[in-house]
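Given next are the chains, with one letter for each unit.
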Amino acid sequence: MPDILARQIRSARAWLNWSREDLASRAGVVVNTIAAIEKDDGASEPNARTMAKIMQALDLGGVAFTQNGLQEKEDVTTVIEGDGWYLRLLDDVLATLKDQKNSELLFICADDSVSPPEVNERLRAIRAGGTRMRQLVEEGNTYLMGDVSEYRYMPKERFY
């Protein structure tokens, strides 16, 4: 990996005010991987998949890499698709809202009882990160993962 890329990654983190831990979490890699890439002493060569994850995380953060360095992306629109898109969406929500004061997340027509365990784990992590959840659920639904004050009921005939 050329040295310029290591510098760009360090610079992008600084620009976004992200720690190595922040970038690792958003990219789905371990912190030691970020440290090794930024050190760029030739001891470890990251694979293409790892680099793609890191570049995508920085891209989602609003940083564009140019021939001359870094540039803030003017229009940050994220498309999350393909297998596992919903889990990646929840990971992005967690990373974006974690530790932000007064963050809230609204779910419409939610039913946690039919969510796979991986989804419910992510929702628990979002709550644990300090985000307040709001959910519209079907009237009579008693499977509530959070405090009852987070929920509002919708009539069954309008829930779909």
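Heads up: the structure comes first, above all this text.
Only a predicted model underlies this, so the values are computations on that prediction, with no experimental measurement involved.

### With respect to helix α3 (residues 31-39)
By the burial criterion, the buried members of α3 are Ile34, Ile37 and Glu38. Taken around the axis of α3, the buried residues stretch over an arc of 95 degrees, which confines them to a single face. Turned more than 90 degrees off the buried face of α3, the exposed positions are Asn32 and Lys39. At the C-terminal side of α3, Asp40 shows a positive phi close to 45 degrees.

### Brief notes about the pattern of salt bridges
Using the criterion set out here, one finds 6 salt bridges in the structure. Two residues, Glu104 and Arg132, come together in a salt bridge whose shortest N-O distance is 3.5 Å. Taken as a pair, Glu104 in strand β3 (residues 104-110) and Arg132 in strand β4 (residues 132-138) lie far apart in primary sequence, 28 residues in all. One salt-bridge network, in which partners are shared between bridges, spans Arg13, Arg20 and Glu38.

About the criteria used
Residues numbered from 1 in each chain as written. Predicted model: local features only at pLDDT ≥ 70, side-chain atom pairs only at ≥ 80, totals over all residues. Heavy atoms only, no water. Buried < 20%, exposed > 50% of the residue type's maximum accessible area, 1.4 Å probe, protein only. Helix = DSSP H or I, 4+ residues; strand = E, 2+ residues; numbered from the N terminus. Arc of directions from axis to C-beta. Salt bridge = Lys/Arg side-chain N within 4 Å of Asp/Glu carboxyl O.

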